[in-house]
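Understanding the architecture of this molecule
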Amino acid sequence: MSPSHAAPRRTVPGLEEPRALPEPEVAERTLTSGLRVVAVRRGTVPLVELRLRIPFAGAAAGADVPVSAVLANTLLSGTDAHTNVELAAELQKIGGGLSVGVDPDRLVVSGNTLSDGLGRLLEILNEVLSSATYPEREVRTEGDRLADRIQIAFSQPGQAVRRALLRRVYGSHPYAVETPEPDEVRAIESSAVQALHAERVLPVGSVLVLVGNIEPAATLDLVENALGGWSPTGSAHRTPPTPPLTVGPLLLVDRPGSVQSSLRMALPALPRAHADYAAFQLANLIFGGYFSSRLVENIREDKGYTYSPHSSVDHSAAGSLTLVSADVATEVTAPAMLEIQYELGRMATLPPTAEELEQARQYAIGTLALSVSSQAGLAGMLIALAGTGLDLSWLAEHPIRLAKVTLDEVAAAAASHLAPSGGVTVVLGDAGLVAGPLGALGAVERS
């Protein structure tokens, strides 16, 4: 294109001042059964998103994980009134769906429907919660399928190194085991699943979030009428406090013949409810939490050791962790680990620049707004916040907290929580090739 026909240059508008996210119309009620219901109006499309969080913590690592996993996969396998095929047909009639997931903290039922089908969706949910039958044939079939998927997952390096890291960090705590062994899953019978359902699928302590094209106050009445049959008695199962991180030698998990090493490090983190969380969140972003971070610049862009190094904060009901990860070629395992330790040390001892802080700040505020821009995103965020006692007000005000964070506050958060001396490290790789170089950086324990 010749200069005379080129489009005129436009000045890129400046970023607006951060402001609180708008709070939508919301209504909340705790039913006599103990179920807390939060209804939020977001009428962008004629749909409703549903999220139900049921406390589901076990007493020890691995004790109930196989049964919990099978329960999540068979909760929708039939009720006193309908088979699994009939349940699916009823959901199709209202343009809806339900799915179930479980972790060491919670059982989560997720669903959606056209707005005019919400009443029927709630009736089906009540039926499942109150009278799921767990037919033996379905339990066996789904157990075998789940065991096969777990077997495949366990063969992957990422899953293997995560399992080793969780056991190293949590010991006998329930968080130490998030995925059961395949043989344990195959051995589960219907009677065990039914017993666990009766013990833990309870309204007390549970939270139901509904987001969509609804009238919040009227929706609370709808929920109370529909879920009136779900009222078993019992106590909510809470996750016990996590143990403090015990720093020890680097744990090297042998994977003979591997051409890559998987590096993982766990560091202490602040929960969302903490007064200094905004500063800590920005410190983590600057270190390794997004593509413009120091860690990415160092070991991806500068040295080419790995494609996607990353640092993320894992929030659970009983505590939070910073997880650092990188997958690198075997020959650069020790150099990559050295650079990770270097960047953590630099983060903990040298304040970030003003430019680094502003870039991370805008990223954090923008991605938060984007993550809750849809009905599903807002419902997912609210149910995650509910697990730690937070609500819509935290979400609305967090952008303002991020906007006020200073360089000194970020430096203090990094010094307290990102120092490499406080990390627990696990490496999965060919021990015969990487043990020696890693030993030059510090003590190594092999498993």
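For the structure itself, look to the data block above.
Criteria and cut-off values
- Residues numbered from 1 in each chain as written.
- Predicted model: local features only at pLDDT ≥ 70, side-chain atom pairs only at ≥ 80, totals over all residues.
- Heavy atoms only, no water.
- Helix = DSSP H or I, 4+ residues; strand = E, 2+ residues; numbered from the N terminus.
- Buried < 20%, exposed > 50% of the residue type's maximum accessible area, 1.4 Å probe, protein only.
- Contact = heavy atoms within 4.5 Å.
- Phe/Tyr/Trp six-rings, centres within 6.5 Å; stacked < 30°, edge-to-face > 60°.
- Lys NZ or Arg CZ within 6 Å of the ring centre and 35° of its normal.
- Polar contact = N/O pair within 3.5 Å; in protein donor to acceptor, adjacent residues only side chain to side chain.
- Axes fitted to C-alpha atoms, helices over the stretch in contact; angles between N-to-C directions.
- Parallel < 35°, antiparallel > 145°, perpendicular 65-115°, else oblique.
- Nonpolar A, V, L, I, M, F, W, Y, C, P; charged D, E, K, R; others polar.
- Core = buried A, V, L, I, M, F, W, Y, C linked by side-chain atoms within 4.5 Å.
- Patch = residues over 30% accessible without salt bridge, like charges linked within 9 Å, V, L, I, M, F, W, Y side chains within 5 Å.
- Areas by Shrake-Rupley, 256 points an atom, 1.4 Å probe, with all protein chains shown as cover.
- Salt bridge = Lys/Arg side-chain N within 4 Å of Asp/Glu carboxyl O.
- Pairing = 2+ DSSP bridges.
- Left-handed = near helix turned anticlockwise from the far one by under 90°.

Let's shift gears to the environment of D327. Summarising the element assignment, D327 is placed in strand β10 (residues 319-329). Residue D327 is classed as partly exposed on the basis of its relative accessible area, which comes to 32%. Each C-alpha atom, one on D327 and one on Y307, is 7.9 Å from the other, the two residues being 20 residues apart in sequence. Not counting residues within four places of it along the chain, the set of residues in contact with D327 comprises Q260, S261, S262, L263, R264, Y305 and T306.

Taken together, the buried positions of helix α10 (residues 294-302) are occupied by R294, L295, V296, N298 and I299. Of the surrounding elements, those touching the buried residues of α10 are α9 (277-289), β9 (310-316), β10, α11 (333-349) and α12 (354-371). Immediately downstream of α10, the backbone of G304 shows phi near 65°, a positive value.

Another point: the packing of aromatic side chains. Enumeration according to the criterion identifies 4 aromatic pairs in this entry. A ring pair is formed by Y170 and Y175, whose centres lie 5.3 Å apart and whose planes are at 80°; its orientation type is edge-to-face. Residue classification places Y170 among the buried positions, given a relative accessible area of 9%. Through a chain of ring-to-ring contacts, the aromatic side chains of Y277, F280 and W394 assemble into a single cluster. Above the face of the F154 ring, R163 is positioned so that its terminal group lies 3.7 Å from the ring centre. The residue whose ring lies beneath R300 is Y307, and the NZ or CZ to ring-centre distance is 4.4 Å.

Attention now goes to the environment of L227. Within the secondary structure, L227 is located in the loop between α8 (216-226) and β7 (250-254). In this structure, the C-alpha to C-alpha distance between L227 and V201, residues 26 residues apart in sequence, is 13 Å. Apart from the residues within four sequence positions on either side, L227 is in contact with L35, L122, L125, N126 and L208.

Assignment of secondary structure puts Q281 in helix α9. Under the relative-accessibility criterion, Q281 is labelled buried at 18%. Polar side-chain contacts of Q281 include one of 2.8 Å to the side chain of H398. If sequence neighbours within four positions are ignored, Q281 has contacts with A364, H398 and L402.

The packing of two helices is summarised by the inter-axis angle and the distance between the axes. The geometry of helix α1 (residues 65-74) relative to helix α7 (residues 190-200) is characterised by a closest axis approach of 9 Å and an angle of 90° between their N-to-C directions. Judged on the interaxial angle alone, α7 and α1 are roughly perpendicular. Along its contact with α1, which presents V67, S68, V70, L71 and T74, the element α7 presents A192, V193, L196, H197 and R200. Tallied by class, the residues present in the contact of α1 with α7 amount to 6 nonpolar, 3 polar and 1 charged.

Here we take up the environment of I124. Its location among the elements puts I124 in helix α3 (residues 118-131). Considered as a pair, I124 and E445 are 321 residues apart in the sequence and their alpha carbons are 52 Å apart. Residues within four places of I124 in sequence aside, it is in contact with L87, E90, L91 and L98.

Before going further, it helps to spend a moment on the nonpolar core. Ranked by internal contacts, the top residues of the largest apolar core, which has 63 residues, are L282, I340, L395 and L418. In terms of residue count, the dominant contributor to this core is α9 (9 residues). Excluding residues that lie within four positions of it along the chain, L418 makes contacts with L267, F280, A283, N284, F287, T322, L344, M347, A348 and A413. Among the nonpolar cores identified, the runner-up in size contains 49 residues, and A69, L129, V185 and L220 belong to it.

What follows covers a nonpolar patch on the surface. Taken together, the side chains of V45, L47 and L114 define a hydrophobic patch exposed on the protein surface, amounting to about 200 Å² of accessible area. V45 sits in the partly exposed class, given a relative accessible area of 36%.

The subject of this paragraph is the pairing of strand β8 (residues 260-268). Burial of β8 is extensive: 7 of the 9 residues sit out of reach of the surface. Where β8 and β10 come together, 9 bridges link them in antiparallel fashion. The partner of L263 across the bridge, within β10, is A326.

Now for the packing of α11 against helix α16 (residues 431-439). At a minimum axis distance of 8 Å, the contact between α11 and α16 shows a crossing angle of 40°. Put simply, α11 runs oblique to α16. Note that α11 runs across α16; the crossing there is right-handed. Contacts between α11 and α16 involve T333, A334 and M337 from the former and V434, P437 and L438 from the latter. Across the contact of α11 with α16, the residue classes break down as 5 nonpolar, 1 polar and no charged.

Our focus in this paragraph is the pairing of β7. Summarising burial for β7: 4 of the 5 residues are buried, a large majority. Of the strand pairs in this sheet, β7 and strand β12 (residues 444-446) are connected by 3 bridges, and their pairing is parallel. Paired with L252 across the two strands is R446, which belongs to β12. Note: β7 against strand β11 (residues 424-429), 4 bridges, orientation parallel. Paired with D254 across the strands is G429, a residue of β11.

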